[in-house]
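Residue-level listing of the chains:
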Amino acid sequence: MFSQLESRSQFLERKALVRKRDAVRNAPNAKVYINSEEYVNFCSNDYLGLGQHPKVKEVIKNKIDDLGFGSGSSPLLSGYSPECKALEEKFCDALGYENALVFPSGYQANIGVVSALVSRESTVVCDALCHASILDGMILSRSKMRRYRHNDVDHAQALVEAHSPCLLITESVFSMEGTLAPLVELRNLSRCYDIPFFVDDAHGFGVLGESGWGAIDGWETKNVKPDILAISFGKALGASGAIVLSSDKVMGHILQYCRSYRYTTALPPLICLSVLESLNVMEEEKWRLQNLRRNIRLFNQYAKDAALPLISQDITPVRSILIGDNRRVLEISGRLKERGFYVAAIRPPAVPENMALLRSSLHCDHTESDIIRLIASLKETLS
Ligand SMILES: Cc1ncc(COP(=O)(O)O)c(C=O)c1O
């Protein structure tokens, strides 16, 4: 049976799709160390630097003796902790949802929620660039998948019209391209056809909205919010895990039917506490979001001045440049590393064929000089 492995790995070699890992030590101030060499980190999703925040570290140090580390079992056995409950309540209160469940990761949240909500008879309409975790949920559920062209509301409407009732799904900030979804238009579409709307806010939480509470920050009244909202703790909140929010009815169903919630060990209480502390820091230190936004604006401006082919000028921390060819993107990322910058080369299947990207993610801790130097190196390397 392993005879196919050889030909599959040859395929990856041929297409420059082989993945390799670096053992990376994350450090404060947007730095990483690899084999003791220091790099400016333009790769991480810890956009607000909360994963390295002294207050978050302090909470963990202070509580480890009381709480231990692991949660011990799945949430339906003994793994659901008071800290997890507090975290669910905090998000429900802040975002105005009736109910929530904390998952061990955003991947498990999306694959589990989508597959629990739809079945072989259902259709899901989603953006063509939605994350693998959403696609895998659809595959697992065997639902019919209809993907509209990226951010094309007219195409979404045509698919919804043809396939209602269906579930409509988008990301708020697209993880690889850094584009912003037309959330208000999509929400209106879902209201117009009376279909549920699911938003994956993995890269929007901490980044969008007046105070960083994500895609729905500022959407005041209940009926304008997405019916289901997923937030990963592994990005701007600097930890790991995720939360899904919705009505009592929907979350009650997910609790009963979601296999990736039931059949896995619950998120440890210490991580739940660290996320609660990260939320406090987010509120107390608003300068983090302001710095991040300043850095995004600077990056967009300098990239424009240097005529770099940025995918979008949106105010999101994922700033990607279209390269196209897999080998070339690896080469460019390697050259940037030689110059002290750690920047991700993104290849299929994370992006469509011939759409390889150089994905720079910005942090609140980058300095203007980091950005100027990166753009200068990019210009040199791309020319
Ligand atoms: C849009 C999106 N959704 C979900 C996930 C999964 O989140 P997590 O890293 O918490 O598993 C990711 C991360 O890769 C993502 O980019």
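Right above here is the structure, for reference.
So, the overall build of the protein chain
Scanning the protein chain from terminus to terminus reveals 13 helices and 13 strands. The globule rule puts the C-alpha radius of gyration for 383 residues at 21 Å, and the 21 Å found for the protein chain is close to it. When the backbone C-alpha atoms are referred to their principal axes, the protein chain occupies close to 55 × 55 × 50 Å. A burial count over the protein chain gives 53% of its 383 residues as buried. At a minimum sequence separation of 6, the contacts of the protein chain that also span at least 24 residues come to 70%. Of the accessible surface of the protein chain, which amounts to about 17600 Å², a share of 51% is contributed by carbon and sulfur atoms. If the 44 positive side-chain charges of the protein chain are averaged to one point and the 45 negative ones to another, these points end up 5 Å apart.

Here's the deal with the packing of aromatic side chains
According to the stated counting rule, one finds seven aromatic pairs in the structure shown. Where Phe42 meets Phe341, the ring centres are 6.2 Å apart and the plane angle is 55°; that geometry is what we call tilted. Taken together, the residues Phe42 in strand β3 (residues 37–42) and Phe341 in strand β12 (residues 341–346) connect sequence positions 299 residues apart. Aromatic side chains Phe91 and Phe233 sit 5.8 Å apart centroid to centroid with 25° between the ring planes, which places their arrangement in the stacked category. Remark: Phe233 occurs in the loop between β9 (228–232) and β10 (242–246) and Phe91 occurs in helix α3 (residues 82–95); sequence separation between them is 142 residues. Each member of the aromatic cluster is reached from another via a ring pair, and the members are Phe91, Phe205, Trp213 and Phe233. A cation over an aromatic ring shows up here: Lys225 above the ring of Tyr97, its NZ or CZ 4.5 Å from the ring centre.

Describing the nonpolar core
Ranked by size, the top nonpolar core spans 104 residues in total, and within it Phe91, Phe103 and Leu245 carry the most contacts. When residues in this core are grouped by element, the largest group, eight residues, is from helix α10 (residues 269–284). Shared between two domains, this core takes at least three residues from each, and those domains are domain 1 (11–42 + 286–382) and domain 2 (54–284). With residues up to four places along the chain from it excluded, the contact list for Phe103 reads Gln108, Ala109, Val113, Gly241, Ala242, Val244, Ile254, Cys258, Ser260, Tyr261 and Leu267. Counting five residues, the second largest nonpolar core, distinct from the first, contains Met176, Ala344, Val351 and Leu357.

Examining the side chain of Thr179
Mapped onto the secondary structure, Thr179 falls in the loop between β7 (167–171) and α7 (183–192). In terms of polar contacts, Thr179 uses its side chain to reach the side chain of His150, at 2.8 Å. Not counting chain neighbours up to four residues away, the residues in contact with Thr179 comprise His150, Asn151, Ser172, Val173, Phe174, Ile311, Ser312 and Asp314.

Let's talk about the state of the cysteines
Across all of its chains, the model carries zero disulfides by this definition. With no disulfide of its own, Cys192 has Cys166 as its nearest cysteine by sulfur position, at a separation of 12 Å. Between Cys258, a cysteine without a disulfide, and Cys84, which holds the nearest cysteine sulfur, the sulfur-to-sulfur distance is 14 Å.

A closer look at the site of the ligand
With respect to spatial proximity, 14 residues lie near the ligand, and among them Gly106, Asp200, His203, Ser232 and Lys235 are the closest. Between an oxygen atom of the ligand and a main-chain N or O atom of Gly106, the distance comes to 2.8 Å. Contacts to the ligand include Lys235, whose side-chain N or O atom sits 3.0 Å from an oxygen atom. Contact with the protein chains hides 81% of the accessible area of the ligand, taken as 390 Å² for the molecule alone. Looking at which element gives the most residues to the shell around the ligand, the answer is helix α4 (residues 106–117), with three residues. Broken down by class, the residue content of the shell around the ligand amounts to two nonpolar, nine polar and three charged.

Topic: a nonpolar patch on the surface
A surface patch of nonpolar side chains, about 420 Å² in accessible area, is lined by Met1, Phe2 and Leu5. Take Phe2: it is sitting in the segment before α1 (3–14). Taking the relative accessible area as the measure of exposure, Phe2 reaches 61% and is therefore exposed.

Cut-offs applied
Residues numbered from 1 in each chain as written. Predicted model: local features only at pLDDT ≥ 70, side-chain atom pairs only at ≥ 80, totals over all residues. Heavy atoms only, no water. Helix = DSSP H or I, 4+ residues; strand = E, 2+ residues; numbered from the N terminus. Rg over C-alpha atoms; globule rule 2.2 N^0.38 Å. Buried < 20%, exposed > 50% of the residue type's maximum accessible area, 1.4 Å probe, protein only. Contact = heavy atoms within 4.5 Å. Areas by Shrake-Rupley, 256 points an atom, 1.4 Å probe, with all protein chains shown as cover. Lys, Arg positive; Asp, Glu negative; His and termini not counted. Charge placed at Lys NZ, Arg CZ, Asp CG, Glu CD. Phe/Tyr/Trp six-rings, centres within 6.5 Å; stacked < 30°, edge-to-face > 60°. Lys NZ or Arg CZ within 6 Å of the ring centre and 35° of its normal. Core = buried A, V, L, I, M, F, W, Y, C linked by side-chain atoms within 4.5 Å. Domains from an automatic or database assignment. Polar contact = N/O pair within 3.5 Å; in protein donor to acceptor, adjacent residues only side chain to side chain. Disulfide = S-S within 2.5 Å. Near = heavy atom within 4 Å. Nonpolar A, V, L, I, M, F, W, Y, C, P; charged D, E, K, R; others polar. Patch = residues over 30% accessible without salt bridge, like charges linked within 9 Å, V, L, I, M, F, W, Y side chains within 5 Å. Salt bridge = Lys/Arg side-chain N within 4 Å of Asp/Glu carboxyl O.

Just distances and angles here, no functional claims.
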